[in-house]
Amino acid sequence: MNPNSDYGWTTKLQHFGEEEKINGAVAPPIFQNSLFVFETMDELMNAMLVHPAGPNHHYSRVSNPTVDIAEKKIAMLEGTDACKLTGSGMAAITVAVLSCVSQGSHVVCVDTAYGPLRSLLTDYLPRFGVTHTFVQGNEVEEVVSAIRPETTVIYLESPSSLLFQLQDMEAIAKVAKDRGITTICDNTYNTALHMKPHTIGIDLICHSATKYLGGHSDITAGAVCGSQARIDKIIRQEINLVGSILHPFQSWLLNRSLRTLDLRLKRHESTANMVAVWLEGQPEVSQVLHISLPSFPQRELYQKMMSGSGGLFSFIPMTQDHRKVTAFVDALQLFQRGVSWGGFESLALSLRVKPMGFEKETSIVRLFCGLEDPTDLLADLQRALPLLSD
Ligand SMILES: *Cc1c(COP(=O)(O)O)cnc(C)c1O
């Protein structure tokens, strides 16, 4: 199936990359092998040299037919030449960043980016002489003014996964391109269904496939997408050296999950929209941070860049007594207390944070609406809400 064909996403998610039916098997088999053997040394050498991720697999640290299928589907979704799957989202982010820095490089990074990526920049890369500047990211001028002559990367995450702030990625990508700076974006929230950063000029797109792409809270996986040249370089260097690959069985589960991505995302989105609107009308709630609400401060940018939202959002309760906020989260029955999101199950967290642009420490509740009956989830929140009263 041609990635540019007129078929809809749901059709492509079923069939793309699965044209070859091995022994007629309708679901692709799992190639659970570490290496591939050849009739002659010539053929082996050829497989090793022709193309690092070409069809001639020789060793599963470099490529594997089962892993290939999910990689092809995710590249097709993002509209990029290529995708490489990794053992986790953090592996994808780390190899993407490492592929663009050397001693003396400088990274501009959005302040609300995923925590461990911040640690990579603040605690680890300084050892190798790589510096960074965090920016709030809401204003393009602020991002531009953080650029230095030695800046090689601008790292974005839009929206961020706690405060849901957006960056104007198209405008930032244009400035970066003019100056030869690589842009990297964490697109985990949007999957590729609601935003395709590559089509607005972003160079490398990272995913935690542990979230929506995996969708069942049973695998840890990541993906990095970009031009063939960029991904080939990452495979030859960072992936080959760090060795953080996704294994065939996990890739097979990921491919199975991709078949229902469109369906699941629609359900997460409609439930969360309903819950967010309801919460906004409750006296115990000060502000709901959900990108698809009419009250969302960056609504124009949302409508320009994205075609939908998802199941994840936060709210700031009226009470800032953190014990009460935590008691509310502890009292929920269907929403379970846990990190991560994007699976079948609803999740909640109470956090006390002071991000850039906030005047003081703020108690915040993050909710993820899973695939349970929307009315059951609403009833769960309704039952616990009085615990937030003053
Ligand atoms: C979970 C997450 C990551 C990290 O992914 P892992 O698969 O846990 O390594 C990165 N970015 C975002 C936005 C995430 O939610």
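Residues numbered from 1 in each chain as written. Predicted model: local features only at pLDDT ≥ 70, side-chain atom pairs only at ≥ 80, totals over all residues. Heavy atoms only, no water.

Enquirer: What am I meant to see in the overall build of the protein here?
Expert: When helices and strands are tallied, the protein shows 13 helices and twelve strands. Relative to a compact globule of 390 residues, whose C-alpha radius of gyration would be 21 Å, the protein shows 22 Å and is just as compact. Within the protein, the fraction of its 390 residues that count as buried is 54%. Counting only contacts in the protein whose residues sit at least 6 apart along the sequence, the fraction spanning at least 24 positions is 71%. Just so you have it, the protein exposes about 16800 Å², and 54% of that area is on carbon and sulfur atoms. Here the protein contributes 32 positive and 41 negative side-chain charges, whose respective centroids are spaced 2 Å apart. (Helix = DSSP H or I, 4+ residues; strand = E, 2+ residues; numbered from the N terminus. Rg over C-alpha atoms; globule rule 2.2 N^0.38 Å. Buried < 20%, exposed > 50% of the residue type's maximum accessible area, 1.4 Å probe, protein only. Contact = heavy atoms within 4.5 Å. Areas by Shrake-Rupley, 256 points an atom, 1.4 Å probe, with all protein chains shown as cover. Lys, Arg positive; Asp, Glu negative; His and termini not counted. Charge placed at Lys NZ, Arg CZ, Asp CG, Glu CD.)

Enquirer: Help me understand the site of the ligand, please; the structure alone is not making it clear to me.
Expert: As a structural note, the neighbourhood of the ligand is formed by 14 residues, with Gly-89, Met-90, Asp-186, Thr-210 and Lys-211 the closest of them. Between an oxygen atom of the ligand and a main-chain N or O atom of Met-90, the distance comes to 2.8 Å. In this structure, an oxygen atom belonging to the ligand sits 2.6 Å away from a side-chain N or O atom of Lys-211. Across the complex, the protein chains shield 90% of the 380 Å² of accessible surface that the ligand would expose by itself. The biggest single contributor to the shell around the ligand is helix α4 (residues 89–98), with three residues. Looking at the shell around the ligand residue by residue, the classes come out as five nonpolar, six polar and three charged. (Near = heavy atom within 4 Å. Polar contact = N/O pair within 3.5 Å; in protein donor to acceptor, adjacent residues only side chain to side chain. Nonpolar A, V, L, I, M, F, W, Y, C, P; charged D, E, K, R; others polar.)

Enquirer: What is the right way to read the side chain of Asp-262 from this model?
Expert: Structurally, Asp-262 is set in helix α10 (residues 261–280). For Asp-262, a relative accessible area of 13% translates into the label buried. A distance of 2.5 Å separates polar atoms of two side chains, one belonging to Asp-262 and the other to Thr-10. Here Asp-262 is in contact with Thr-10, Leu-13 and Leu-193, once residues within four sequence places are set aside.

Enquirer: Before we go on, may I ask you to explain the nonpolar core in this structure?
Expert: Core analysis: the largest hydrophobic core is formed by 59 residues, its most contacted members being Ile-74, Leu-85, Ile-154 and Leu-254. Top element by residues in this core is helix α3 (residues 65–78). It accounts for five residues. Each of domain 1 (9–258) and domain 2 (261–388) gives at least three residues to this core. Contacts of Ile-74, omitting those with residues within four sequence positions, involve Cys-83, Leu-85, Leu-213, Ala-223, Cys-225, Leu-254 and Leu-258. With 30 residues, the next largest nonpolar core counts Val-107, Leu-120, Leu-121 and Ile-234 among its residues. (Core = buried A, V, L, I, M, F, W, Y, C linked by side-chain atoms within 4.5 Å. Domains from an automatic or database assignment.)

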